[in-house]
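What the coordinates show
Here's the letter readout for the chains.
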Amino acid sequence: MSFGRLERTPGSQPMSEINVTPLVDVMLVLLVIFILTAPLLASAIRLDLPKTDAAKPADAPKFVTIVVDQAGQVFLNDKPIATEQLASRLKETATQNPDTEVQLRADQAVPYGKVVEVMGVAQKAGLNRIGFVADTPVAQPVSQSAAPSGKP
């Protein structure tokens with residue numbers, strides 16, 4: 001009886017390096033695409049446009065600040081103002097730009113009725129965009145006695 005050899009040839013070892021060739025190919029294709037499309041995004045036509053007072057550049061939305069202090073005194077853009085004058089000044093602002101935002105800041109001690117009164121004056125003047133300004137609370141460190149314990 002004859003038997004074959006029991007020796008085996010070793011198989012191929014797994015490759016331990018990363019093949020970066022496909023990554024480089026993709027990056028080069030993306031680079032070429034960006035090089036070709038970048039000039040198309042910018043307008044190459046230079047114009048000397050005529051100037052007129054009727055055309056105004058689109059500015060960021062304008063806002064006015066109304067402050068009601070602890071004593072109930074009203075301030076418009078940090079200047080004290082009476083409620084009657086406030087109504088006329090807000091009407092002027094509304095006629096110039098009806099999208100003007102009113103940023104309302106009121107002290108904690110001011111009665112709710114006074115804040116609503118100022119809001120009503122602004123809405124009657126035609127300014128309907130009213131934002132309330134508040135401070136963010138300062139994070140207080142939790143003391144050991146206030147920390148919840150794991151015991152029931």
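Data block above holds the structure.
These remarks concern the structure in this document. (Residues numbered from 1 in each chain as written. Predicted model: local features only at pLDDT ≥ 70, side-chain atom pairs only at ≥ 80, totals over all residues. Heavy atoms only, no water.)

Within a regular strand, the side chains alternate between the two sheet faces. Judged by how many residues are buried, strand β1 (residues 63-68) sits mostly within the fold: five of six residues are covered. The antiparallel pairing of β1 with strand β2 (residues 74-76) creates a hairpin that spans five residues between the two strands, and G72 there sits at a positive phi of about 95 degrees. (Buried < 20%, exposed > 50% of the residue type's maximum accessible area, 1.4 Å probe, protein only. Helix = DSSP H or I, 4+ residues; strand = E, 2+ residues; numbered from the N terminus. Pairing = 2+ DSSP bridges.)

What follows covers the side chain of T65. Within the secondary structure, T65 sits in strand β1. Excluding residues that lie within four positions of it along the chain, T65 makes contacts with F75, L76, N77, Q103 and R105. (Contact = heavy atoms within 4.5 Å.)

Looking at chain direction, β1 and strand β4 (residues 101-106) are connected through six bridges and run parallel. Considered in β4, the bridge of T65 is made with Q103. Across four bridges, the pairing between β4 and strand β5 (residues 129-132) is parallel. The residue of β5 that forms the bridge with L104 is F132. As a crossover connection, the stretch from β4 through helix α3 (residues 112-125) into β5 is right-handed. (Right-handed = clockwise from strand over helix to strand, strands pointing away.)

In this model, N77 sits at a positive phi of 50 degrees, which is unusual for a non-glycine residue. Checked against the element boundaries, N77 lands in the loop between β2 and β3 (79-81). What makes N77 partly exposed here is its relative accessible area of 38%. Backbone geometry at D78 places phi at a positive 65 degrees, although glycine is not the residue there. Among the secondary structure elements, D78 is positioned in the loop between β2 and β3. Here D78 falls in the exposed class, since its relative accessible area comes to 56%.

With that settled, consider the environment of E117. Take E117: it is sitting in helix α3. Each C-alpha atom, one on E117 and one on T83, is 9.2 Å from the other, the two residues being 34 residues apart in sequence.

A word on helix α2 (residues 83-96). Taking 1.5 Å of rise per residue, the 14 residues of α2 would be expected to cover 20 Å, and the 20 Å separating its terminal C-alpha atoms lies within 8% of that figure. All of the buried residues along α2 are L86, L90, T93 and A94. In an axial view of α2, the angular spread of the buried residues amounts to 100 degrees, which keeps them on one side of the axis. Opposite its buried face, α2 presents the exposed residues E84, T95 and Q96, each directed more than 90 degrees away. In this structure, the buried residues of α2 make contact with β1, β2, β3 and α3. (Expected span 1.5 Å × (residues − 1). Arc of directions from axis to C-beta.)

This next bit is on the nonpolar core. If you look at the biggest cluster of nonpolar residues, it comprises 18 residues, and the most contacted ones within it are I66, V74, L76, L86, L90 and V118. Elements with a minimum of two residues in this core: β1, β2, α2, β4 and α3. Examining the composition of this core, we find that five residues originate from one element, α3, more than from any other. The residues touching V74, leaving out its near neighbours within four places in the chain, are I66, V67, V68, K79, P80, I81, L86, K114 and V118. (Core = buried A, V, L, I, M, F, W, Y, C linked by side-chain atoms within 4.5 Å.)

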